[in-house]
Amino acid sequence: MERNAETIKQRYGDPFQVVKALERAATEGVETLSEDDLFMCKWVGLYTHRHEPGYFMLRTKQPNGFVTPDQLDTVADISAQQNKGYADISTRQNFQLHWVQVTDAVGILRRLEAAGISTLGACGDVARNVVGCPVAGVDRDELFDASPVTNAVSDFFLGNRDYANLPRKYKIGISACRSWCSVPEIQCVALVGAERRAGETSETGFDLRVGGGLSTQPFFSQRLGVFVRPGEAVEVIRHVTEIWRDTPAYREKRHRARFKYLVHDWGTAKLRQVLEARLGRRLDDAPADYQEPVETYRDHVGVHAQKQAGLFYVGAPVLVGRITSPQMKKVADLSRRYGDGKTIRLTVRQNILLLNIPEANVEKVLTGLADVGLSVNAHPVRRGVVTCTGTEFCKLAITETKARSRQIIEYLERRVALDEPLRLHITGCPNACAQYQVGHIGLMGSKTKVDGQVVDAYDFLVGGRLGRGMTFTHAVLRKVPATECAKRLEQVLVAFKAQRKDRESFTDWCARLGDEAIAKLLGAGGPHPLDVEDVPSPETPEADEPVY
């Protein structure tokens, strides 16, 4: 039977009907699931585990990262009872649950649904979870609260069969956060807050960006040059999505089936022309003087005053995004006891926030978080690390990531005193789930030989910048054994502290020193230059065949 993804989707029909196959498997056994069934399980948020037959990873949808205490309790209970006691927060502001037995999957889906959590389209060739600013509505500096627009767009696509067969996954971001915390630079489609002035009057809306994406060939999103009013957002994004859906050329090769390639091939002028033709009207021009923000921390960690008088939000870093059931229970309890009892948010940097905390209760919240290992007084590397799932569960990964990243962070916390933002992104393969191309430092999984044995290794990349002057990281050292990564990072960070000028950023410092000097600092005379070929890296393109 042919295994091409497009053929499977055509053969299967309604992807959300895969639930019926899961219901059958719950009573008759996992062996009743066909290869087509397993592929289509993604459309309800399920991926099979790498090593353990009969188990799934389950991904939720949390538009804009919104979570209630009751929902967090539900995720905590499922994790404690059936998933070894933890969940992962992803870079799309949602949860990933592991160790979901095939026979339990439908029951867990129903429990989540009863709590108001959907998994429809959390994976698959659909619009994924719509990301936004986690402090939308309370941020003192936001242009306006864009979360109603984020939710409206999410609601439009959720379970919508007209958009359930896109050429490939499709990522949307909507925010009016001035710091661009939801990383619109790498979204397929992004609406970012903008203000248009005409004489003495002004109006707020969005600047539309298109064509961002990472994986094995990264692209930054580009401005389409149009101004979108909040009331137009669903219509405009719908038509952009239909252009993508209805262009068959990008279904022919799955590794090219990403919206970024269409934008790259067409250019923004043609895309705008086609979009306006579909809309039947010309869109307003975006402000000519619009500029991307300068690079900032973008993570909302710490204690921050809200626009609402007397209220604060508290952001806690979650090391490598892995949050335990007791930690989730504690956060839910703190929200109920000391906050408004309904407002928790997840971030694209895999952290968690509590909103609407009266000033008198802030210290109690901080103490409670610290009691379960979620102290807001975090070292910059703990605060700034992002990791993917790695070989623990993912079928595409080359290296283990979560445990190794934890070891690296705990080592650096003891050895290097930093007072600067540092985005450290650690990913298990070139597919970039941990977004290694936009970190200050990126570690990408590879393999090398040590004493004749093939071991996990990482390529070191530096130079990423977001916002104004955005740049991707580039490799300066290849195939460093995983056991040496912490020490190598220590060497370069100590040198950065000693050699930086004034408030020079890490990326600017790297550019000033040059790649050869950075490689020397990282290598410390080690036998791993850029052109090492001792073990070829496994080929991991954006898979042309179905991966589940």
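The rules behind these values
Residues numbered from 1 in each chain as written. Predicted model: local features only at pLDDT ≥ 70, side-chain atom pairs only at ≥ 80, totals over all residues. Heavy atoms only, no water. Phe/Tyr/Trp six-rings, centres within 6.5 Å; stacked < 30°, edge-to-face > 60°. Helix = DSSP H or I, 4+ residues; strand = E, 2+ residues; numbered from the N terminus. Buried < 20%, exposed > 50% of the residue type's maximum accessible area, 1.4 Å probe, protein only. Lys NZ or Arg CZ within 6 Å of the ring centre and 35° of its normal. Salt bridge = Lys/Arg side-chain N within 4 Å of Asp/Glu carboxyl O. Pairing = 2+ DSSP bridges. Contact = heavy atoms within 4.5 Å. Axes fitted to C-alpha atoms, helices over the stretch in contact; angles between N-to-C directions. Core = buried A, V, L, I, M, F, W, Y, C linked by side-chain atoms within 4.5 Å. pLDDT = per-residue confidence, 0-100. Arc of directions from axis to C-beta. Left-handed = near helix turned anticlockwise from the far one by under 90°. Nonpolar A, V, L, I, M, F, W, Y, C, P; charged D, E, K, R; others polar. Polar contact = N/O pair within 3.5 Å; in protein donor to acceptor, adjacent residues only side chain to side chain.

**Things to note about the packing of aromatic side chains**
No. 1: Within this structure, the stated rule accounts for 15 aromatic pairs.
No. 2: On the numbers, 5.7 Å between centres and 85° between planes, the contact of Trp 99 with Phe 393 is edge-to-face. Taken as a pair, Trp 99 in strand S5 (residues 95–101) and Phe 393 in the loop between strand S16 (385–387) and helix H13 (402–415) lie far apart in primary sequence, 294 residues in all. Both residues of the pair, Trp 99 and Phe 393, belong to the buried class.
No. 3: The ring of Phe 66 carries the charged tip of Arg 345 above its face, separated from the ring centre by 3.7 Å.

**Some points on the pattern of salt bridges**
No. 1: All chains considered together, the criterion is met by 50 salt bridges.
No. 2: Note that Lys 329 is salt-bridged to Asp 73, the shortest N-O span being 3.5 Å. In this pair, Lys 329 sits in helix H10 (residues 325–338) while Asp 73 sits in helix H4 (residues 69–82), placing the two residues 256 residues apart along the sequence.
No. 3: Judged by relative accessible area, Lys 329 falls into the partly exposed class, the value being 33%.

**Comments concerning the sheet that holds strand S7 (residues 189–198)**
Through backbone hydrogen bonds, the strands of a sheet pair up, either in parallel or in antiparallel fashion.
No. 1: Strand order in the open sheet formed by five strands is S6-S7-S8-S9-S10, with mixed pairing between adjacent strands. Whereas interior strands pair on both sides, the edge strands pair on one side only; in this sheet they are strand S6 (172–175) and strand S10 (284–285).
No. 2: Helix-sheet contacts for helix H6 (residues 147–157) involve S6 and strand S8 (201–210), and the interaxial angle to S6 is about 155°.
No. 3: Most of the contacts of helix H9 (residues 268–279) go to strand S9 (residues 222–228), to which it runs at about 30°, and overall it touches S8, S9 and S10.

**A closer look at helix H8 (residues 259–266)**
No. 1: Listing the buried residues of H8 in full gives Phe 259, Lys 260, Tyr 261, Leu 262 and Val 263.
No. 2: Close packing links the buried residues of H8 with S7, S8, S9, helix H7 (233–245) and H9.

**Brief notes about the sheet that holds strand S13 (residues 322–324)**
No. 1: Strand order in the open sheet formed by five strands is S1-S2-S5-S4-S13, and the pairing between neighbours is antiparallel. Lying at the two open borders of the sheet, with one neighbouring strand each, are strand S1 (46–48) and S13. Along the sheet, successive strands turn relative to each other by an average axial angle of 30°, direction set aside.
No. 2: The sheet contacts of helix H5 (residues 105–114) involve S1, strand S2 (55–59) and S5, and relative to S2 the element is tilted by about 15°.
No. 3: Against the sheet, H10 touches strand S4 (86–89), S5 and S13, its axis set at about 75° to S13.

**Here's the deal with the nonpolar core**
No. 1: Formed by 58 residues in total, the largest nonpolar core has its most connected members in Leu 22, Phe 56, Leu 72, Phe 95, Ile 352 and Leu 369.
No. 2: Counting 39 residues, the second largest nonpolar core, distinct from the first, contains Tyr 170, Cys 188, Ile 243 and Leu 279.

**Observations regarding the confidence of the model for the protein**
No. 1: Looking at the protein, the pLDDT average stands at 93 and 95% of residues meet or exceed 70.
No. 2: When the criterion is pLDDT under 50, residues 527–548 qualifies, and its contacts beyond four places in sequence or with other chains add up to 66 contacts.

**Side note on helix H2 (residues 18–28)**
No. 1: Looking at H2, one finds that the buried residues are Val 18, Val 19, Ala 21, Leu 22 and Ala 25. The buried residues of H2 occupy an angular sector of 155° when projected down its axis, which confines them to one face. Of the residues in H2, the exposed ones pointing more than 90 degrees away from the buried face are Lys 20 and Thr 27.
No. 2: Where H2 is buried, its residues contact helix H1 (5–12), helix H3 (35–40), S1, S2 and H5.

**Structural notes on the packing of H13 against helix H14 (residues 485–499)**
No. 1: Running from N to C, H13 and H14 cross one another at 35°; their axes reach a closest spacing of 9 Å. Read as a crossing pair, H13 and H14 show a hand that is right-handed. Of H14, the residues touching H13 (which contributes Ile 408, Tyr 411, Leu 412 and Arg 415) are Cys 485, Ala 486, Lys 487, Leu 489, Glu 490 and Leu 493.
No. 2: Considered class by class, the residues forming the contact of H13 with H14 number seven nonpolar, no polar and three charged.

**Side note on the side chain of Ser 79**
No. 1: Mapped onto the elements, Ser 79 comes out in helix H4.
No. 2: Looking at Ser 79, the relative accessible area reads 0%, which means it is buried.
No. 3: Of the polar contacts made by the side chain of Ser 79, one reaches the backbone oxygen of Tyr 86; its length is 3.5 Å.
No. 4: Not counting residues up to four positions away in its chain, the partners in contact with Ser 79 are Lys 84, Gly 85, Tyr 86, Ala 87, Leu 97, Ser 325 and Met 328.

**As for the pairing of strand S11 (residues 302–305)**
No. 1: Looking at chain direction, S11 and strand S12 (residues 311–316) are connected through four bridges and run antiparallel. In the sheet register, His 304 faces S12, and the bridge partner there is Tyr 313.
No. 2: Here S11 folds back onto S12, and the loop between the two strands holds five residues, one of which, Gly 310, carries a positive phi near 80°.

**Some remarks on the pairing of S4**
No. 1: Residues Tyr 86 and Asp 88 of S4 are buried on one face, and the alternating residues Ala 87 and Ile 89, pointing to the opposite face, are buried as well.
No. 2: One ladder, built from three bridges, connects S4 with S13; its direction is antiparallel. When the sheet's bridge partners are listed, Tyr 86 is paired in S13 with Thr 324.
No. 3: With three bridges connecting them, S4 and S5 associate as antiparallel partners. Counterpart to Asp 88 in the pairing with S5 is Gln 96.
No. 4: Here S4 folds back onto S5 in antiparallel fashion, the turn holding five residues, of which Gln 93 has a positive phi close to 60°.

**Focus on unusual backbone geometry**
No. 1: Backbone geometry places Trp 99, a non-glycine residue, at a positive phi of 60°.
No. 2: When its relative accessible area of 14% is taken as the criterion, Trp 99 is described as buried.
No. 3: Positioned with a positive phi, Asp 502 is a non-glycine residue whose angle comes to about 50°.
No. 4: You can see Asp 502 is positioned in the loop between H14 and helix H15 (506–513).

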